[in-house]
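Take a look at the letters that make up each chain.
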Amino acid sequence: CTLDGYDWGTGEKIGNTLGITSIQNTMAGGGDYKGENYLGGVIGQLYAVNAANVVYNGSLTDEDFIDMRAHEDPDSAFCGGLIGFVKGKNGGYSSRINVTGCKVLNAFVYGEETVNINFYANPDMYVAGLVGASFIPSAGLTINYDDNHVENTKIIGIGYERTEVFVSGLIGAITWNA
């Protein structure tokens, strides 16, 4: 799977001019409900499956971007140049998820999060060139990242108020259920 553009006049691949934006405006109603935001250049959330040879090819212009805005007290927000969030699943599925041979080229990845209400203590945001974050729900599961590349890419993460922000060239965080 490759996401790029094509110049019909010259017959060449030129990179995409696709603007991808996710705006989350969840107003928490008290109790346990919080909103989450998953944004990737190709996949928002990869859940218990593999991804191989997936390419996001930007155009180096202001016309293409991966832009996530999480407002009004999000719980967690995930933004990746290729995949927003990779999550494993317990029971009945492969014990290994593979993300291999994937590329993000010439991209602009931007994430911004604001918090307005004081009852939620630790909102978090993950912004990265390849994958926003990964979650391993049990000890028997692994997520394998092999031969992935991020090139000529600008990555920005901005958090306001009490937001914890994790920004990285490849993966914003890898976490597990202890």
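Along each chain, the written sequence defines residue order, and numbers are assigned to residues from 1. Two thresholds apply to this predicted model, a pLDDT of at least 70 for residue-level local features and 80 or more for giving and counting side-chain atom pairs, whereas whole-chain, interface and lining totals are computed over all residues. With hydrogens and water excluded, all non-hydrogen atoms of the structure serve as input to the side-chain values.

A. View of the pattern of salt bridges. Basic side-chain nitrogens of Lys or Arg form a salt bridge, by our definition, when they fall within 4 Å of a carboxyl oxygen of Asp or Glu. Enumeration over the complete set of coordinates arrives at 2 salt bridges. In this structure, the salt-bridge partner of Arg69 is Asp67, at a minimum N-O distance of 2.8 Å. The salt bridge partner of Glu112 is Arg69, with a shortest N-O separation of 3.3 Å. Of the two residues, Glu112 is situated in strand 14 (residues 108-113) and Arg69 in strand 9 (residues 65-71); the sequence distance between them amounts to 43 residues. Here the salt bridges do not stand alone but share partners, grouping Asp67, Arg69 and Glu112 into one network. Elements are defined by DSSP. Helices are runs of H or I of four residues or more, strands are runs of E of two residues or more, and each kind is numbered from the N terminus.

B. The arrangement of the sheet that holds strand 17 (residues 142-146) in detail. Pairing between two strands is assigned when DSSP locates at least 2 bridges connecting them. In space, the 3 strands of this open sheet follow the order 7-12-17, with parallel pairing throughout. Whereas interior strands pair on both sides, the edge strands pair on one side only; in this sheet they are strand 7 (51-52) and strand 17. Inspection of the sheet shows strand 7 paired to strand 12 (residues 96-100) by 2 bridges, in the parallel sense. Across the sheet, the residue bridging to Ala52 is Thr100, located in strand 12.

C. Summary view of the side chain of Asp124. Inspection of the secondary structure puts Asp124 in strand 15 (residues 124-128). For Asp124, the side chain forms a polar contact with the side chain of Ser76, separated by 2.6 Å. Among the polar contacts listed, one links the side chain of Asp124 to the side chain of Tyr126, at a separation of 2.6 Å. By definition in these notes, contact holds between two residues if any of their heavy atoms fall within 4.5 Å. Every residue in contact with Asp124, bar those within four places of it in the chain, is listed here: Asp75, Ser76, Ala77, Glu113, Glu164 and Phe166. N or O atoms closer than or at 3.5 Å make up a polar contact, with two conditions inside protein: a donor-capable atom paired with an acceptor-capable one, and, for residues adjacent in sequence, both atoms drawn from side chains.

D. Layout of the pairing of strand 15. Across the 5 residues that make up strand 15, a large majority, 5, are buried. Burial classification: accessible surface area is computed with a 1.4 Å probe over protein chains only, and a residue below 20% of its type maximum counts as buried, one above 50% as exposed, and the rest as partly exposed. Every second residue of strand 15 is oriented toward a common face, with Asp124, Tyr126 and Ala128 on one face and Met125 and Val127 on the other, all of them buried. For strand 15 and strand 20 (residues 164-168), the ladder comprises 5 bridges, and the chain directions are parallel. The residue bridging Val127 from the neighbouring strand is Val167, located in strand 20.

E. The arrangement of the nonpolar core in detail. Each nonpolar core is a collection of buried residues, namely Ala, Val, Leu, Ile, Met, Phe, Trp, Tyr and Cys, held together in the definition by side-chain atoms within 4.5 Å. Ranked by internal contacts, the top residues of the largest apolar core, which has 29 residues, are Leu46, Tyr56, Cys79, Leu82, Ile83 and Val86. Those elements that place two or more of their residues in this core are strand 6 (43-47), strand 9, strand 10 (74-80), strand 11 (83-87), strand 12, strand 15 and strand 16 (131-136). Take this core: its biggest share by element is 3 residues, from strand 9. Core analysis: the second largest hydrophobic core is formed by 5 residues, Phe78, Phe85, Tyr126 and Ala173 among them.

F. Here's a closer look at the sheet that holds strand 6. Pairing within the open sheet is parallel, and its 4 strands lie in the order 6-11-16-21. Among the strands making up the open sheet, the edge pair consists of strand 6 and strand 21 (174-176). Strand-to-strand, the axes of this sheet are offset by a mean angle of 15°, without reference to chain direction. Strand direction decides the pairing type here: strand 16 and strand 21, joined by 3 bridges, are parallel. Bridging across to strand 21, Phe135 finds its partner in Thr175. To obtain each axis, a line is fitted to C-alpha atoms, and for helices this fit is confined to the stretch in contact; angles are then taken between N-to-C directions over 0 to 180 degrees.

G. Here's a closer look at the packing of aromatic side chains. The pairing test for Phe, Tyr and Trp rings, Trp by its six-membered ring, is centres within 6.5 Å, and the orientation test on the planes gives stacked under 30 degrees, edge-to-face over 60, and tilted for anything in between. Counted under the stated rule, the structure contains 6 aromatic pairs. When the centroid spacing of 5.3 Å and the interplanar angle of 5° are considered together, the rings of Phe78 and Tyr126 count as stacked. With Phe78 in strand 10 and Tyr126 in strand 15, the pair connects residues that are 48 residues apart, well separated along the chain. Considered together, Phe78 and Tyr126 belong to a single accessibility category, that of buried residues. Grouped by ring-pair contacts, the aromatic residues Tyr38, Phe78, Phe85, Tyr126 and Phe166 constitute a single cluster.

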